[in-house]
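Commentary on secondary and tertiary structure
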Amino acid sequence: MSDPLPPQQPGDHPPTAHPSAAPPPGEPLDPTLPHGSASASQPESPRETASTADPAEAAAPARPYTAPALDAPQYAIPAYAIPATPTSPPADAAPAQPPAQPLTHAYATPSYADPGATNTPPAVAPPWTGSPPSASAGVQPGADSGAPAAAYALPPYARHPAAPPPTYPGAPAFGRAPGGEPPGGIDTRPKALAIVALVMAGAGILFAFVGATVGSWGAGSLSPLLLFVAFVLALIALISRKQGGKGFGVAALILSIIGGILTVVLAVAALLGSFAGTSGVDSGPYGDDDYEEYVAPGITAPGTDGQPDPGAQFATPVQPTVAETAFGHDYEDVWWYAVVIDNPNADYVFDSYLDVVAYAADGSPLASVPAYTMLLSGRTAFVGYFFDMGDAQIASISVSPPQASEATLSPAAETGSFVVEQLTGPTSPDGPAAVSGTLSARFEDDQEYVAVTVLARAADGSIAAASSTYVDAVPGDGTPVPFEAWFDEVPPDATLEGFAHR
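Residues numbered from 1 in each chain as written. Predicted model: local features only at pLDDT ≥ 70, side-chain atom pairs only at ≥ 80, totals over all residues. Heavy atoms only, no water.

The secondary structure content of the protein chain amounts to 5 helices and 13 strands. For the protein chain, buried positions account for 25% of its 502 residues. Across the protein chain, the fraction of contacts at a sequence separation of at least 24, relative to all contacts at a separation of at least 6, is 68%. Of the roughly 32700 Å² of accessible surface on the protein chain, 61% is carried by carbon and sulfur atoms. (Helix = DSSP H or I, 4+ residues; strand = E, 2+ residues; numbered from the N terminus. Buried < 20%, exposed > 50% of the residue type's maximum accessible area, 1.4 Å probe, protein only. Contact = heavy atoms within 4.5 Å. Areas by Shrake-Rupley, 256 points an atom, 1.4 Å probe, with all protein chains shown as cover.)

Next up on the list: the sheet that holds strand β12 (residues 481-487). Pairing in this open sheet of 3 strands is antiparallel, and the strands run β8-β9-β12 from one edge to the other. On the outer flanks of this sheet lie β8 (417-424) and β12, each paired with one strand and no other. Across this sheet, the average inter-strand angle for adjacent strands is 30 degrees, counted without regard to direction. Where strand β9 (residues 433-442) and β12 come together, 7 bridges link them in antiparallel fashion. Paired with Leu439 across the strands is Val481, a residue of β12. (Pairing = 2+ DSSP bridges. Axes fitted to C-alpha atoms, helices over the stretch in contact; angles between N-to-C directions.)

Attention now goes to the pattern of salt bridges. In the structure shown here, the tally under the stated rule is 3 salt bridges. A salt bridge links Arg457 to Glu324, with the shortest nitrogen-to-oxygen separation between them at 3.0 Å. With Arg457 in strand β10 (residues 447-457) and Glu324 in strand β1 (residues 321-331), this residue pair connects regions lying 133 residues apart in the sequence. As a salt-bridge pair, Glu497 and Arg457 come within 2.6 Å of each other at their nearest N and O atoms. Placement of Glu497 in strand β13 (residues 495-501) and of Arg457 in strand β10 is noted, with a sequence separation of 40 residues between them. Classification of Glu497 as partly exposed rests on a relative accessible area of 26%. Residue classification places Arg457 among the buried positions, given a relative accessible area of 11%. One network of salt bridges, in which partners are shared, links Glu324, Arg379, Arg457 and Glu497. (Salt bridge = Lys/Arg side-chain N within 4 Å of Asp/Glu carboxyl O.)

What follows is about helix α3 (residues 192-214). Helix length check: α3, at 23 residues, gives a terminal C-alpha distance of 32 Å against a target of 33 Å (1.5 Å per residue), a fit within 8%. Turning to α3, its buried residues are Ala194, Ala197, Met200, Ala201, Gly204, Ile205, Ala208 and Gly211. (Expected span 1.5 Å × (residues − 1).)

Attention shifts here to a negative patch on the surface. Where like charges cluster on the molecular surface, the negative patch consists of Glu444, Asp445, Asp446, Glu448, Asp472 and Asp477. Among the structural elements, Glu444 can be located in the loop between β9 and β10. The class for Glu444 is partly exposed, based on a relative accessible area of 41%. (Patch = residues over 30% accessible without salt bridge, like charges linked within 9 Å, V, L, I, M, F, W, Y side chains within 5 Å. Lys, Arg positive; Asp, Glu negative; His and termini not counted. Charge placed at Lys NZ, Arg CZ, Asp CG, Glu CD.)

This part takes up the sheet that holds strand β2 (residues 334-343). The 3 strands are arranged β1-β2-β5 in an open sheet whose pairing can be described as antiparallel. The open sheet terminates on both sides in strands that have one partner only, identified here as β1 and β5 (378-386). Going from strand to strand, the sheet's axes swing by 15 degrees on average, the running direction of each strand aside. In this structure, β1 lies alongside β2, joined through 9 bridges in antiparallel fashion. Residue His329 lies in a different strand from β2, and its bridge partner there is Trp335.

In this section: the packing of aromatic side chains. Applying the stated criterion across every chain, the model contains 4 aromatic pairs. Both rings, one in Tyr337 and one in Phe386, keep their centres 5.2 Å apart while their planes meet at 50 degrees; by these two values the pair is tilted. Here Tyr337 is found in strand β2, whereas its partner Phe386 is found in strand β5, with 49 residues between them in sequence. Per residue, the accessibility class of Tyr337 equals that of Phe386, and both read buried. Here Phe418 and Phe443 contribute two aromatic rings whose centre-to-centre distance is 4.9 Å and whose plane-to-plane angle is 50 degrees, an arrangement assigned as tilted. With Phe418 in strand β8 and Phe443 in the loop between β9 and β10, this residue pair connects regions lying 25 residues apart in the sequence. (Phe/Tyr/Trp six-rings, centres within 6.5 Å; stacked < 30°, edge-to-face > 60°.)

Time to look at the nonpolar core. Counting residues in hydrophobic clusters, the biggest one holds 24 residues, and the most contacted among them are Leu376, Phe418, Leu439, Val454, Val471, Val474 and Phe487. If you list the elements that add at least two residues to this core, you get β9, β10, β11 (463-474) and β12. If you look at the next biggest cluster of nonpolar residues, it comprises 18 residues, including Ile341, Phe350, Val369 and Phe386. (Core = buried A, V, L, I, M, F, W, Y, C linked by side-chain atoms within 4.5 Å.)

Let us look at a nonpolar patch on the surface. On the surface, Ile195, Val199 and Phe248 cluster together into a nonpolar patch covering about 260 Å² of accessible area. Mapping Phe248 onto the fold places it in helix α5 (residues 246-278). Exposure remark for Phe248: the relative accessible area of 36% places this residue in the partly exposed category.

Before going further, it helps to spend a moment on the environment of Phe418. Taking relative accessible area as the criterion, Phe418 reaches 17% and is therefore assigned buried. When the C-alpha atoms of Phe418 and Arg442 are compared, they prove to be 6.6 Å apart, with 24 residues separating the residues in sequence. Beyond its immediate chain neighbours, meaning those up to four positions away, Phe418 contacts Leu376, Leu439, Ser440, Ala441, Phe443, Gln447, Val450 and Ala500.

Taken residue by residue, the protein chain gives an average pLDDT of 73. The fraction at 70 or more is 56%. Long-range and interchain partners of residues 1-59, a stretch whose pLDDT sits below 50, account for 26 contacts in this model, where long-range means more than four residues apart. Predicted confidence is poor over residues 276-291, with pLDDT under 50, and the contacts of this stretch with residues over four places away or in other chains come to 6 contacts. (pLDDT = per-residue confidence, 0-100.)

Okay, structure coming up:
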């Protein structure tokens, strides 16, 4: 590239001719002159002549000047394209500027860009042994870096594998995806939500078992609530990227689902069990806990053990007989009946379950009702009712007494008895009448729920009316207990007779 013109003072001109000056027509150019220079035979101007006359100016060395070639490139040659051996200027030409220092490259010149280079591979930087360089590190031209000549500094966009990445506003933490866990590192996200869900799921299952075992609806009702909350918290812990403890969350989710299924099963079983318990005949309106198991008191006489003496002989039991029956219309479609059974066995008693059957005039059965009575030795009477008879008319009734094989040995000396006394009451055919009396018992145990039957006999001895009542408790020591029995109507000349049985 051509050297630029040196700075000139106003009025100062180079000793050579102006580049635009040309030799006179017809004179050839001097081939020894550089291209673009003025011819040596060109006459000098008067101004130039006057200038050369000055001794001071004549003593100054002439400054060479060359005009730019017409075919010179109009751009600067890049540093990597400079030949290894630059072309030396002519010996007689003095350099206009001091020689420039060689450019220190940040990388090795490729072989294809160096005409004088061989095919030797370029030198590379030695392996990194120190701390990662900063982003501003580099080698300035002419600076002594202390590294081998082939070493180079990493540009800002390149970094060592061990160096941390560059930071910028909003950059995520090193090695961690946004909202995630660093690979191979420790999860520092909070685990409290997953742990709470796991604890609540376990508590829900525990309350379900406690409620089913103890029968407490309060503890059982907490189980579904705890399990539902645990299920929701477990889902949040698993879905949210900001929550840790995924293992706890999975365990809580599984336990909440299993606990929910278990709670439903236990609740259904408890409901079915409660329905089955309340459908029993022996259960009361407030549940089984309101009633103790009833144990019938014994019938042994006071001061005895109810057992036969060793070696005692007893007759063979015989079947009881039906001594008397009666029936009548009570009100609307309800009919009453009375049965007197005679137990001829002095040393045997019968726990009898009897069926009383009502017949029409043609002998067809109309209704049948059960009856229970304990037949002590002697005569026992009991009263019952036929319901929903409609317009049917009862012509007769029958009852089958217990068989002799159903007898229970109870020696007469070891067996107690009931006594009904002091039966009194007005006799009125026009309305209900109350008959009062007393009941006493002679047993080793106090008696409970004793049935009292009162028969009103007409003048001919037949049973004209019958009624019954219950006495809840009767002392076994013979203390009389009062009672009352009601009749719809009693014949004026009727006599009253009372019986008691269990």
